[in-house]
Amino acid sequence: MRLILLGPPGAGKGTQAQRLVQNHGIVQLSTGDMLRAAVAAGTPVGQRAKAIMDRGDLVSDDVMIDIIADRIERPDSAKGFILDGFPRTIAQADALSDLLAKKELKLDTVIEIAVNDAMLRDRIAGRAKETGGARADDTLETLAKRLAVYHAQTAPVADYYRRKGMLKTVDGMGTMDQVSAAIENLLSAVTEA
Ligand code: AMP
């Protein structure tokens, strides 16, 4: 199974992706986690990405597309994957379509986790407190920027998949268990079809 999880920062994509990993035995490809690992390791990509991430902007499409192209080639992606945090722009979505077409692979579905901005602010404030600010971009100021970037650049990606008839939306305002159940429901409909 190959799917994309879409949704604003704080929508619960990471948590839901981890649950899907456990339930379906496929890998989570989180571009945010990959970039944070590159920053921690001090690689050239990480060194360039750090300031961009800290201010809540997007890393360039070229860099992100290269990262995902490499990652999808790895053997553990063969059984399927959950894209978490990618694609975030129309250019990334187009590149992903080309990449998959070249490999003769199909996406099964795109799931959007819908959460309103007020709840996202509450969640990010909670996350910043819990982790003691472990993520440099988990502050209310950076969240405002990340939300603006999301609405301007990533919301159009949802429309892109909606036009292709691939987008399914779940209500992300409930508990994690409710959201997981809604996602599993959608997936059983997709795999039965
Ligand atoms: P995330 O953990 O998905 O919220 O990502 C954290 C940060 O990494 C984002 O705010 C961006 O700066 C950067 N990032 C992650 N994925 C992408 C992507 N697909 N395109 C551009 N920047 C990204």
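Right, let's walk through the structure included here.

### A closer look at the site of the ligand
Residues in close proximity to the ligand total 16 residues, the closest being Thr31, Arg36, Asp57, Gly85 and Gln92. Thr31 has a polar side-chain atom sitting 2.8 Å from a nitrogen atom of the ligand. A distance of 3.1 Å separates a nitrogen atom of the ligand from a polar backbone atom of Val59. With four residues, the single largest contributor to the shell around the ligand is helix H2 (residues 31-41).

### Describing the pattern of salt bridges
Per the counting criterion, the structure on display carries nine salt bridges. For the salt bridge of Arg19 with Asp177, the shortest nitrogen-to-oxygen distance reads 2.8 Å. In this pair, Arg19 is assigned in helix H1 (residues 13-24) and Asp177 in helix H8 (residues 176-192), connecting sequence segments 158 residues apart. Take Arg19: its relative accessible area is 27%, and that puts it in the partly exposed class. Note on Asp177: relative accessible area 53%, which makes it exposed. Arg36 serves as the salt-bridge partner of Asp33, at 2.9 Å between the closest nitrogen and oxygen. Here Asp33 and its partner Arg36 are both found in helix H2, three residues apart, which amounts to about one turn of the helix. What you see here is one network of salt bridges that share partners, running through Arg55, Asp57 and Lys145.

### Some remarks on the packing of H2 against helix H4 (residues 61-73)
Axis separation between H2 and H4 bottoms out at 11 Å; the angle between their running directions is 100 degrees. As the angle between them shows, H2 and H4 are arranged roughly perpendicular. Contacts between H2 and H4 pair Thr31, Met34 and Leu35 from the former with Met64, Ile67, Ile68 and Arg71 from the latter. Across the contact of H2 with H4, the residue classes break down as five nonpolar, one polar and one charged.

### Some remarks on the packing of aromatic side chains
For the structure on display, the rule yields one aromatic pair. A ring pair is formed by Tyr160 and Tyr161, whose centres lie 4.9 Å apart and whose planes are at 80 degrees; its orientation type is edge-to-face. One exposure class covers both Tyr160 and Tyr161, and it is buried.

### Looking at empty space enclosed by the protein
Under the criterion given, the structure shown has one cavity of 30 Å³ or more. Its volume calculated, the largest cavity comes out at about 60 Å³. Contributing to the lining of the largest cavity are Leu5, Leu6, Gly7, Lys13, Gly85, Phe86, Pro87, Arg88, Tyr150 and Thr154. Listing elements by their share of the lining of the largest cavity, those giving two or more residues are strand E1 (2-6) and helix H7 (140-163). Taken together, the residues that form the lining of the largest cavity break down as five nonpolar, three polar and two charged.

### Quick look at the environment of Asp122
Along the chain, Asp122 turns up in helix H6 (residues 117-130). For the pair Asp122 and Asp33, spaced 89 residues apart in sequence, the C-alpha to C-alpha distance is 22 Å.

### Here we look at unusual backbone geometry
The step from Phe86 to Pro87 runs through a cis peptide bond, and the omega angle for that step is 0 degrees. Mapping Pro87 onto the fold places it in the loop between strand E3 (81-84) and helix H5 (90-102). Backbone geometry places Glu104, a non-glycine residue, at a positive phi of 55 degrees. Among the secondary structure elements, Glu104 is positioned in the loop between H5 and strand E4 (109-114).

### A few points about the nonpolar core
General note: in soluble globular proteins, nonpolar side chains tend to be found buried as a group. Counting 28 residues, the largest nonpolar core has Ile4, Leu6, Leu83, Leu96 and Tyr161 as the members making the most contacts within it. Of all the secondary structure elements, the ones that give two or more residues to this core are E1, strand E2 (27-30), helix H3 (44-54), H4, E3, H5 and H7. Top element by residues in this core is H4. It accounts for five residues. In contact with Leu96, other than residues within four places in its own chain, are Ile4, Ile72, Leu83, Phe86, Pro87 and Tyr161. By size, the runner-up hydrophobic cluster in this structure holds 19 residues, among which are Ala17, Leu120, Leu186 and Leu187.

About the thresholds
The residue numbers shown here count from 1 along each chain, following its written sequence. Under the rules for a predicted model, residues below a pLDDT of 70 receive no local features and side-chain atom pairs below 80 are neither given nor counted, while totals for whole chains, interfaces and linings still include all residues. Hydrogens and waters are ignored; side-chain quantities use all the structure's heavy atoms. The cutoff for a nearby residue is simple: one of its non-hydrogen atoms must lie within 4 Å of the molecule or strand. Under this definition, polar contacts are N or O atom pairs within 3.5 Å; protein pairs additionally need one hydrogen-donor-capable and one acceptor-capable atom, and for neighbouring residues in sequence, both atoms have to be side-chain atoms. Only DSSP runs of H or I covering at least 4 residues are called helices, and only runs of E covering at least 2 are called strands; the numbering of each starts at the N terminus. Here, a salt bridge means any Lys or Arg side-chain nitrogen found within 4 Å of an Asp or Glu carboxyl oxygen. Accessible area is worked out with a 1.4 Å probe on protein chains only. A residue is then buried under 20% of its type maximum, exposed over 50%, and partly exposed in between. The axes used here are C-alpha line fits, helices contributing only the stretch in contact, and every angle between their N-to-C directions lies in the interval 0 to 180 degrees. In what follows, roughly perpendicular refers to angles from 65 to 115 degrees, roughly parallel to angles under 35, roughly antiparallel to angles over 145, and oblique to any angle outside these ranges. In this description, contact between two residues means that some pair of their heavy atoms is separated by no more than 4.5 Å. Residue type decides the class: Asp, Glu, Lys and Arg count as charged, Ala, Val, Leu, Ile, Met, Phe, Trp, Tyr, Cys and Pro as nonpolar, and the leftover types, Gly among them, as polar. A pair of Phe, Tyr and Trp rings is counted when the ring centres sit within 6.5 Å of each other, with Trp represented by its six-membered ring. The angle between the planes then sorts it: under 30 degrees is stacked, over 60 is edge-to-face, the rest tilted. Each cavity reported here is a set of points on a 1 Å grid over the protein atoms alone in which a 1.4 Å probe fits but cannot get out, each pocket an open set with protein on both sides within 12 Å along at least five of seven lines, and each lining residue one with an atom within 4 Å of a point. Grid points are joined across faces, edges and corners, and a volume is the space filled by probe spheres set on the points. In this text, buried Ala, Val, Leu, Ile, Met, Phe, Trp, Tyr and Cys residues form a nonpolar core when linked through side-chain atoms within 4.5 Å.

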